[in-house]
Amino acid sequence: MLSSAPHARGFIHRPAPRPEAVRVDLSRVLQLLRDPLSSSLKERQIFILKKVVKQCQRGFLLRNLADIFKIMNVCAERVSDHPEYARILCDLLQICSLPFLKEKASDEMSFAAVVTDCVSQMGYLMRIPLPEVRQQICSTVIAFYSHDKHQHSSDGVCRLDYRALMLERSGLAETLVMSLALMEEQLPVKLCLLQTLQILSRTSEVNCNLMLRAQAAQKICFHMSEGDPSGQMLFRSSEILWNLLENGSRQEVTSQLSSSDCIASLKDAFFHLLLNGFRHHERQLRNDLLVLLSLIAEKPGAPLIESGFVKHLTPFITFPELKSHNPLVRNLKLTFKQEDFEMKKLLLNIIVVLSRDLATLQLFREGRVMLALMLLVKPSSSAVRSGRRSWTCRQQEELQLQALSTLSALAPLMLDEYITCQANTCLLLLVDSCLQDGVLRRFLGRPEDEDAVALEIQTDCLFLLSVLCEGDVHRKELFGRDGVEVLIQYLSLDTALIFSGLGHNKLLLSTVDCLWSCVVGCFATEDAFVAGGGVDLLLQLLQRSPRRMLTPLTAALLELCENPPAVAHLLRWSGDRDTSAPQLLLHIWRREEEQMCVSRDPHGMIADVKRPIVSRHQDESSSSSSHDVSAAVRDLSENLRANIYCIFCKLGFEGLSGLSAEDHVTLSIIHRFLDFKVCEVVQELWSEAALAVPSDEAALKSVLQVSEATAESVRSLQQSILGRRQQEELQEEQRLYSEIRFTHKQREIAADAWRSYVARTSNYSVLKEFKRLREERRTSEHNTPSDTETQEPPINKPEPVAL
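The rules behind the values
Residues numbered from 1 in each chain as written. Predicted model: local features only at pLDDT ≥ 70, side-chain atom pairs only at ≥ 80, totals over all residues. Heavy atoms only, no water. Helix = DSSP H or I, 4+ residues; strand = E, 2+ residues; numbered from the N terminus. Buried < 20%, exposed > 50% of the residue type's maximum accessible area, 1.4 Å probe, protein only. Contact = heavy atoms within 4.5 Å. Areas by Shrake-Rupley, 256 points an atom, 1.4 Å probe, with all protein chains shown as cover. Axes fitted to C-alpha atoms, helices over the stretch in contact; angles between N-to-C directions. Parallel < 35°, antiparallel > 145°, perpendicular 65-115°, else oblique. Left-handed = near helix turned anticlockwise from the far one by under 90°. Nonpolar A, V, L, I, M, F, W, Y, C, P; charged D, E, K, R; others polar. Arc of directions from axis to C-beta. Patch = residues over 30% accessible without salt bridge, like charges linked within 9 Å, V, L, I, M, F, W, Y side chains within 5 Å. Salt bridge = Lys/Arg side-chain N within 4 Å of Asp/Glu carboxyl O. Core = buried A, V, L, I, M, F, W, Y, C linked by side-chain atoms within 4.5 Å. Phe/Tyr/Trp six-rings, centres within 6.5 Å; stacked < 30°, edge-to-face > 60°.

Caption draft 1: A look at the overall build of the protein chain. In terms of helices and strands, the protein chain carries 42 helices and zero strands. Burial analysis of the protein chain (803 residues in total) assigns 44% to the buried set. Counted over contacts in the protein chain with a minimum sequence separation of 6, partners at least 24 positions apart contribute 75%. Just so you have it, the protein chain exposes about 43,700 Å², and 54% of that area is on carbon and sulfur atoms.

Laid out in structure tokens, this is it:
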């Protein structure tokens, strides 16, 4: 003890500088704390540590961080015997919540390993059993994710995300999860730790994976139903599980939650909220837990039946459709708000998930789940008794749709119950009610309420009509004029809505499919469709729709061309910019060949007479793939050219008015499209056969010659068309020049007349001369003999007198 005094005096009895200049040497502080000779100088050590705290009020320098944490560890070792060190430790941890300081720009990288190690040590300080220390550690870690830019705005402060990045590298999240076992008797500390884990897992995939490595999902789920009057434990535990699902491995989370203890904990929490939760956030949390249970149910082998979850859940699945004396359901109150509506949809979804395990079917039989589905689907279930709350009409429609989807999955597995409940009769009644109400007309009458669900219902209805009427002329007749009128209204859809993202593109495709199945092939419905302007609407859609819509539209037009009135409408139609139907089809043909990279010259003429209609994509397909169908034949179904050719076969290739020379050039190719395609197919088949069996080269050469001759004749025709166009343009140019010359001549005559008039009116001598000349002209005209006088001169004509 005597020997330690000089050493202590040498450290303490220095001249005291000014307070702002006090700088404590951290290495000497460590020496004082660790030296056995100074172990009894507790007051001196506390005094020096307080000076360290005061000196570092703005934050710790990166180069001092290692010494600071050594000091923390020394304090942590002495806390149990000397509680005074706990306050110092908490103060140092609080300073760690401030941004770290740097002296040079490179300090962040230079001291990265040191910072990572120090942050890792912070997690091990959770072993200290004092609540204030543990809470301070949690507060410090939470501060690592603080976005207070004012603290990071000055020079010498580490960047905003530096500490969070170091925390991820340190593995602190895993250490904090493992420390949950130490918090059994400290509920406030456990809530603070859960809040910390919630923040760590909110946006960081690294932290989530570290937490899952420490079995975080399982450990948190074990304790989520423990008594907590504030309800924070259940809320924060649920949030952490959701963060792990979204940012971590979903498979790992469901694997950890698939134990009996976890399912029991989730089940207790869910049923507690279901029966006792009336606030908005409690109902939302209840739905979140149900989603978690649904995800667990998707994992094969999850003990949901063994835990009693399915048995207890079945009465809630059938509520409120079935009355039950079960004491659990007797106290259940539905508010029919959005959260309860979402829960009902989740319960219908979990039926499908649970039905994959055949053992649950017996519980569904006992709980009369099939009957509840029938009552939900049944049209009368939408009727609301006076004075009794229920689902809204929109909610009822959506639940009916999901119940039908659930029924489609459950009925094959519970066929006896399906028959016992007379499900076929129920479904027929539903269809009949749809027909009586005019479902599609009702949607057409309220476009302002159109959303994704309404569009899906309309699409499904049109699809059902297509399936029912396809190939049956009698049913097409029953579809009748009323159905045609509905289709015409759907075809009047604004094409701009196709890109809205709600599903109008599917609705339009379903409408065209319904036209194909319910109208085409029946003369009565076809006549009604043509008379109602349906052909005009198809052409308008053909002009304005994107490329993917054109194939079904051209196919429907082709089928309608079998009806002569439809052809007449096609020839009379005039679209935007007075475009005729042939002009539109020719434009689509050119655009199609441009996308297919067909070889054409700048005027649209055939560039390669050996391959007049072959595209580059067709060459690549034939060389790189081995399909059963040849590339030439497959080409007919992969683009619009075949449909356009067939439509022109109905319209005719002659006498089409309003076509330009470019249109005639394209039309000449379409006219011989079949000839070109036949020669192309023969050539492909011959080349394929030549690989296995020697072919007749003379016959192949003959076919090629025919194809080339046809292409040459078409090219000659195209050249003559272009030549005539050039002559017409030249004649038009000459006529224009003649008109210009005539106009200039008239202007010159008018200018001369004007100058003469001005001269007469401004000069009297000119006016006299003009009058004299006019009199002489009149006299000469009067004295000139007429034709009759020239033939029969007078007998007594006087001789001229010489003057």
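Caption draft 2: Focus on the packing of helix H4 (residues 65-78) against helix H7 (residues 112-124). Running from amino to carboxyl end, H4 crosses H7 at an angle of 20 degrees, the nearest separation of the two axes being 9 Å. In terms of their interaxial angle, H4 and H7 are classed as roughly parallel. Taken as a pair, H4 and H7 cross one another with a handedness that is left-handed. On H7, the residues that touch Leu65, Ala66, Phe69 and Asn73 of H4 are Val114, Val115, Cys118, Gln121 and Met122. Class assignment for the residues of the contact of H4 with H7 results in seven nonpolar, two polar and no charged.

Caption draft 3: Structural detail: helix H2 (residues 26-34). Buried within H2 are the following residues: Leu26, Val29, Leu30, Leu32 and Leu33. For H2, the angular spread of buried residues about the axis comes to 160 degrees, placing them on one side.

Caption draft 4: Representation of a nonpolar patch on the surface in the model. A cluster of nonpolar residues, Phe463, Leu464 and Val467, forms a patch on the protein surface that exposes about 300 Å² of accessible area. Mapped onto the elements, Leu464 comes out in helix H27 (residues 452-469).

Caption draft 5: The nonpolar core, seen in detail. Grouped together as the largest cluster of nonpolar side chains are 142 residues, with contacts concentrated most on Met72 and Phe364. Leaving out residues up to four positions away in the same chain, Met72 has contacts with Phe60, Leu89, Leu92, Leu93, Cys96 and Leu125. Listed in part, the 71 residues of the second largest apolar core include Leu455, Ile457, Leu508 and Leu539.

Caption draft 6: Main features of the environment of Ala454. With respect to the element layout, Ala454 can be found in helix H27. Taking relative accessible area as the criterion, Ala454 reaches 4% and is therefore assigned buried. Along the sequence, Ala454 and Glu398 sit 56 residues apart, while their C-alpha atoms lie 8.9 Å from each other.

Caption draft 7: Highlighting the pattern of salt bridges. This structure, assessed with the given rule, holds 29 salt bridges. Taking the shortest distance from any N to any O, the salt bridge between Lys345 and Glu398 comes out at 2.8 Å. Note that Lys345 is positioned in helix H20 (residues 338-354) and Glu398 in helix H23 (residues 393-410), a separation of 53 residues in sequence. Of the residues examined, Lys345 reaches a relative accessible area of 18% and is grouped as buried. Taking the shortest distance from any N to any O, the salt bridge between Glu593 and Arg600 comes out at 3.0 Å.

Caption draft 8: Fine view of the packing of aromatic side chains. Across all of its chains, the model carries eleven aromatic pairs by this definition. Ring centres of Tyr645 and Phe653 lie 6.4 Å apart, and the angle between their planes is 35 degrees; this geometry places the pair in the tilted category. A single burial state applies to Tyr645 and to Phe653, both of which are buried. Taken together, the ring pairs connect Trp589, Tyr645, Phe648, Phe653 and Phe673 into an aromatic cluster.

Caption draft 9: Region of interest: the packing of H4 against helix H5 (residues 84-96). Between H4 and H5, the shortest axis-to-axis distance is 9 Å and the interhelical angle comes to 150 degrees. Judged by the inter-axis angle, H4 sits roughly antiparallel to H5. The hand of the H4/H5 crossing is left-handed. Of the residues in H5, those touching H4 at Phe69, Ile71, Met72, Cys75, Ala76 and Arg78 are Tyr85, Ile88, Leu89, Leu92, Leu93 and Cys96. By residue class, the composition of the contact of H4 with H5 is eleven nonpolar, no polar and one charged.

Caption draft 10: Examining unusual backbone geometry more closely. Following Phe319, the chain continues into Pro320 via a peptide bond in cis, with omega recorded as 5 degrees. Along the polypeptide, Pro320 turns up in the loop between helix H18 (309-317) and helix H19 (327-330). A positive phi angle, close to 60 degrees, is found at Gln215, a residue other than glycine. The residue Gln215 is located in the loop between helix H12 (205-213) and helix H13 (216-223) in this model.

Caption draft 11: Inspection of the side chain of Thr196 at higher detail. Examined against the element boundaries, Thr196 turns out to sit in helix H11 (residues 187-203). Note on Thr196: relative accessible area 1%, which makes it buried. Dropping the residues within four chain positions of it, Thr196 is found in contact with Cys138, Val141, Ile142 and Leu176.

Caption draft 12: The side chain of Lys677, seen in detail. By the element assignment, Lys677 lies in helix H39 (residues 673-692). Residues within four places of Lys677 in sequence aside, it is in contact with Ile613, Gln618, Ala632, Asp635 and Leu636.

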